[in-house]
Amino acid sequence: MKAVEIKKGIYWVGVKDWNLREFHGYTTSRGSTYNAYLIIDDKITLIDGVKAPFTDLFMRRIASVIDPAKIDVVICNHVEMDHSGALPAIMEKAKNATLYCPPAGERGLKMHYDTANWKMQIVKTGDTLNIGKHTLTFVQMPMVHWPDSMMTYVADEKLLFPNDGFGQHYASDELFDDENLDIILDEAKKYYGNIVWPYGAQVQKVLETAATLDIEMIAPSHGIIWRKHIPEIVEKYKLWSSYGSIADKAVIVYDSMWGSTEQMAREVAAAWGEKGLRVTLCSLKYSNVSDAINDIVEAKYVALGSPTLNSGILPTMGAFLTYLKGLAPKNKVGFCFGSYGWKKDAQDEMQNILTNLGWELPEPIMTINWRPTPEGLRQLHETALKVVK
Ligand code: FEO
């Protein structure tokens, strides 16, 4: 249970949650980590904590470097319980510690824990804290991911602690981004799409601030630490936060009852393939909503398909749309389709949500009664072709 030194006198003291498979609706297929960091300086400083059930492991990791009772400074970059859950135990043990957080952080901590005996100090963007050899600079980054979110920068080490920013739900035997870049970037995209997507404007502000800093290591609160591929992840964040997409990427998210809508999905895929698009088919019968979102993040074209069930759409598509609405992605070209038996208008539900998201919908909904005929599929094919510019 040893800490890992990531820079001289600065240690990773987090924990790996190999078995995590669900994070408020997000299916975390590769688990996650809760990264916390310990700086050995004149003032012993802890940056963030871990989820409460891992408190003992966390304490042991810190104790491999120093007695947790000797911690002088606790930085709370984010109140969400995956990072703050172990802080009550830390504040109980480190009697002389002062906890630093932004105003929304203080309010959040007081709502979550009994903080009556905690020494707390409010910090805001631009405030600094000298801890000896190092000076910490704080930058608030509200809504990346909660109103209290903040990043901490150590200028002399060119080291940024952006908490949820640049993170991935990814438990790995690696601590750094030296290997498996494709997997890490894919998990970073999945994390962005499922956690940070609604807050593009706020992420852009973070990127503007980060551009003014000299950074050689980004140590987020989840997943691996960036040191080798910082330009790649920053470029990706620029793309994702500006709601940009890759022009030839397309996704068809659908579910089917007796195979008619599935046939339609494959026909749309064929048409889009003819147009030179790279198409991913994502059946909600087999894929979870988080993976569907990951597929959509960089796609320019997104088709949604569901048959009518009773007077509505299939529940898998209903759940997906609820999730999608909350994440509020922008700048997509959409297309809706589906089969029906005796009630034709259920697909309007999909179309209305995409309209409200502001997506471009160049063609009307395409429906097919009962089973697709060759003529029905031909018409669908022609319409799908027209969706693509
Ligand atoms: Fe990793 Fe918003 O908590």
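Residues numbered from 1 in each chain as written. Predicted model: local features only at pLDDT ≥ 70, side-chain atom pairs only at ≥ 80, totals over all residues. Heavy atoms only, no water.

Asker: Any chance you could explain the state of the cysteines here in plain terms?
Answerer: A covalent bond between the sulfur atoms of two cysteines is referred to as a disulfide. Scanning the entire structure with this criterion turns up zero disulfides. No disulfide involves cysteine 76; its nearest neighbouring cysteine sulfur is the one of cysteine 101, lying 5.8 Å away. Among the cysteines around cysteine 336, which has no disulfide bond, cysteine 282 carries the closest sulfur, lying 15 Å off. (Disulfide = S-S within 2.5 Å.)

Asker: Looking at this model, I keep getting lost on the nonpolar core. Mind explaining?
Answerer: Nonpolar side chains tend toward joint burial in soluble globular proteins. One finds Phe58, Trp226, Val253, Leu304 and Phe320 to be the most contacted residues of the largest nonpolar core, which totals 88 residues. Here this core gets seven residues from one element, more than from any other, and that element is helix 5 (residues 181–196). The residue makeup of this core includes at least three contributed by each of domain 1 (4–241) and domain 2 (250–387). Every residue in contact with leucine 304, bar those within four places of it in the chain, is listed here: Val253, Met317, Phe320, Leu321, Phe335, Cys336, Phe337, Met350 and Leu354. (Core = buried A, V, L, I, M, F, W, Y, C linked by side-chain atoms within 4.5 Å. Buried < 20%, exposed > 50% of the residue type's maximum accessible area, 1.4 Å probe, protein only. Helix = DSSP H or I, 4+ residues; strand = E, 2+ residues; numbered from the N terminus. Domains from an automatic or database assignment. Contact = heavy atoms within 4.5 Å.)

Asker: What's the story with the domain arrangement of the chain in this structure? I'm lost.
Answerer: Size of an interface: often given as the accessible area lost when the parts come together. Domain annotation of the chain identifies domain 1 (4–241) and domain 2 (250–387). Listed by partner, the interface residues are 13 residues for domain 1 and 14 residues for domain 2. The three residues of domain 1 that bury the most area against domain 2 are Lys189, Asn194 and Trp197, which together make up 50% of that side's buried surface. At the boundary of domain 1 with domain 2, the tally comes to two salt bridges. Note that glutamate 298 and lysine 236 form a salt bridge whose closest N and O atoms lie 2.9 Å from each other. Counting across the interface, domain 1 meets domain 2 through nine residue pairs in polar contact (both at pLDDT 80 or more). (Buried area = accessible area lost by both parts, 1.4 Å probe. Salt bridge = Lys/Arg side-chain N within 4 Å of Asp/Glu carboxyl O. Polar contact = N/O pair within 3.5 Å; in protein donor to acceptor, adjacent residues only side chain to side chain.)

Asker: What should I look at first to understand helix 8 (residues 260–274) in this one?
Answerer: Working note: α-helix, 3.6 residues per turn, so residues spaced by three or four point in the same direction. The first and last C-alpha atoms of helix 8 sit 21 Å apart over 15 residues, in line with the 21 Å expected at 1.5 Å per residue. Of all the residues in helix 8, the buried ones are Ser260, Thr261, Met264, Ala265, Glu267, Val268, Ala269, Ala271 and Trp272. Just past helix 8, the residue glycine 276 takes up positive phi, approximately 90°. (Expected span 1.5 Å × (residues − 1).)

Asker: What's the story with helix 1 (residues 55–63) in this structure? I'm lost.
Answerer: Taken together, the buried positions of helix 1 are occupied by Thr55, Phe58, Met59, Arg61 and Ile62. Down the axis of helix 1, the buried side of the element spans an arc of 160°, and every buried residue falls inside it. (Arc of directions from axis to C-beta.)

Asker: Which parts of the structure should I look at to understand the pairing of strand 19 (residues 299–305)?
Answerer: Regular strands place their side chains on alternate faces of the sheet. Counting buried positions along strand 19 yields six of seven residues, so the element is predominantly enclosed. As paired strands, strand 19 and strand 22 (residues 333–340) are joined by five bridges and run parallel to one another. Note on strand 22: the bridge partner recorded for valine 302 is glycine 334. (Pairing = 2+ DSSP bridges.)

Asker: It is not clear to me how the packing of helix 10 (residues 315–327) against helix 11 (residues 348–356) should be interpreted in this structure. Could you clarify?
Answerer: When two helices pack together, you describe them by how their axes are tilted relative to each other and by the distance separating the axes. It is the contact of helix 10 with helix 11, at a shortest axis distance of 11 Å, that shows an interaxial angle of 10°. Between helix 10 and helix 11, the crossing angle belongs to the class labelled roughly parallel. The residues of helix 11 that touch helix 10, namely those facing Met317, Leu321, Leu324 and Lys325, are Glu349, Met350, Ile353 and Leu354. Considered class by class, the residues forming the contact of helix 10 with helix 11 number six nonpolar, no polar and two charged. (Axes fitted to C-alpha atoms, helices over the stretch in contact; angles between N-to-C directions. Parallel < 35°, antiparallel > 145°, perpendicular 65-115°, else oblique. Nonpolar A, V, L, I, M, F, W, Y, C, P; charged D, E, K, R; others polar.)

Asker: Explain the environment of lysine 389 to me, please; I cannot follow it from the model alone.
Answerer: With respect to the secondary-structure elements, lysine 389 resides in the segment after helix 12 (374–387). By relative accessible area, lysine 389 is classed as exposed at 66%. Taking the C-alpha atoms as reference points, lysine 389 and cysteine 336, separated by 53 residues in sequence, lie 17 Å from one another. A distance of 2.5 Å separates polar atoms of two side chains, one belonging to lysine 389 and the other to glutamate 360.

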